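# Tertiary structure, described
Letter by letter, the chains look like this.
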Amino acid sequence: MPFLGQDWRSPGQSWVKTADGWTRFLDEKSGGFVGDISSFCKKDDHNKENLFNSINYDVAAKKRKKDQLNNKAKTQYFHQEKWIYVHKGSTKERHGYCTLGEAFNRLDFSSAILDSRRFNYVVRLLELIAKSQLTSLSGIAQKNYMNILEKVVQKVLEDQQNIRLIRELLQTLYTSLCTLVQRVGKSVLVGNINMWVHRMESILHWQQQLNNIQITRPAFKGTTFTDLPLCLQLNIMQRLSDGRDLVSLGQAAPDLQVLSEDRLLWKKLCQYHFTDRQIRKRLILSDKGQLDWKKMYFKLIRCYPRKEQYGDTLQLCRHCHILSWKGTDHPCTANNPETCSTSLSPQEFINLFRF
């Protein structure tokens, strides 16, 4: 059988021959001593005192490390890999399979939120996990989830962007936790209940911080949005994929209010998110006998999911079953790796681990 350690008698540790026989020591980097206590009972009291002081020091260090792991949510214990292998089922060579929590721990979501192209994707993934998959995560994955969520909130507080998006995420998570905490006797959450109560208090604190954000007007005195020609203003507004953004933009200035009510603008928005069959089922006529596309849009979003749009997504290689961010090179053995990759939406990413 293969030997993984420095010595066959104890993997990863050193053995030194003394007058009393072979004694086991830790590596120099650890600076510790784990020799057998009974072998030192024959020595003098000075050596015994040093031995027990060393043992007490090791116990205290382990206790501090355990307390740090259990109580300090800011400490991160997860990998940051560019790609992972998603395997389903067990074989003689491989035991177990990749779970959602393992994928969430190993993939580099921590730095993905710093990329504007991946930010919305990660936020949507956090929201879906908060709705139904939080209890399927391991304890370390739940801790990692809260760490990433805190980074997301801090980024929004600094940039003052995507405030509404994070408010909805926090509200969804808080609602789910309120339901799960009431079922504490059924072991639906990993860890002490007081720890989850503390996390819920943190969520309320983050919500308060987001509500207190005062967006300052920049001191730039050049060309503004309203100074652009109307055709350019409409062209920019047509690129907004959320109707609530159109409503907010219309509240910024009286001239923009008129543009935000453009029927063609809301018609294109409805046709982008929903199929013709869905639109025909939710027709609404205005007082003038015309289709009220704005009312139809807000009615449709209550009945059907909107089309998701992201600048960058996770992708799965169908040939080698490797999951990575788009544009990330992985050791693919296919002749044409580009044709084997499939982009995954956040929901498809979660469904990937439902075996």
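You'll find the chain entered in an unreviewed UniProt entry as F-box only protein 32, with Cettia cetti given as the organism.

Looking now at the pattern of salt bridges. What the rule picks out here adds up to 14 salt bridges. For Arg 124, the salt bridge goes to Glu 127, with nearest N and O atoms at 3.4 Å. Pair noted here: Arg 124 and Glu 127 are both in helix α4 (residues 116-133), with a separation of 3 residues, about one helical turn. Glu 168 is the partner of Arg 244 in a salt bridge, and the nearest nitrogen-oxygen pair spans 2.5 Å.

What follows is about the packing of α4 against helix α6 (residues 163-181). α6 packs onto α4 with a crossing angle of 20 degrees between their chain directions and a minimal axis gap of 8 Å. As far as their axial angle goes, α6 and α4 are roughly parallel. The way α4 lies across α6 gives a crossing that is left-handed. On α6, the residues touching Phe 119, Asn 120, Val 123, Leu 126, Glu 127, Ala 130 and Lys 131 of α4 are Leu 165, Ile 166, Leu 169, Thr 172, Leu 173 and Ser 176. Within the contact of α4 with α6, the residues separate by chemical class into 8 nonpolar, 3 polar and 2 charged.

Bringing the sheet that holds strand β3 (residues 83-85) into the picture now. Pairing within the open sheet is antiparallel, and its 4 strands lie in the order β3-β5-β4-β6. Here the strands that pair on one side only, and so sit at the sheet edges, are β3 and β6 (341-344). With direction set aside, neighbouring strand axes in the sheet form an average angle of 25 degrees. Pairing between strand β4 (residues 314-317) and strand β5 (residues 322-325): 3 bridges, direction antiparallel. Bridge assignment links Leu 314 to a residue of β5, and that residue is Trp 325.

A word on the pairing of β5. Burial along β5 is two-sided: Ile 322 and Ser 324 and Leu 323 and Trp 325, pointing in opposite directions, are all buried. Two strands pair when backbone bridges link them, and β3 and β5 are joined in this way by 3 bridges, in the antiparallel orientation. Directly across from Tyr 85, in β5, lies its bridge partner Ile 322. Here β4 hands over to β5 after 4 residues, with His 321 in that stretch at a positive phi of 60 degrees.

Definitions and cut-offs
- Residues numbered from 1 in each chain as written.
- Predicted model: local features only at pLDDT ≥ 70, side-chain atom pairs only at ≥ 80, totals over all residues.
- Heavy atoms only, no water.
- Salt bridge = Lys/Arg side-chain N within 4 Å of Asp/Glu carboxyl O.
- Helix = DSSP H or I, 4+ residues; strand = E, 2+ residues; numbered from the N terminus.
- Axes fitted to C-alpha atoms, helices over the stretch in contact; angles between N-to-C directions.
- Parallel < 35°, antiparallel > 145°, perpendicular 65-115°, else oblique.
- Left-handed = near helix turned anticlockwise from the far one by under 90°.
- Contact = heavy atoms within 4.5 Å.
- Nonpolar A, V, L, I, M, F, W, Y, C, P; charged D, E, K, R; others polar.
- Pairing = 2+ DSSP bridges.
- Buried < 20%, exposed > 50% of the residue type's maximum accessible area, 1.4 Å probe, protein only.

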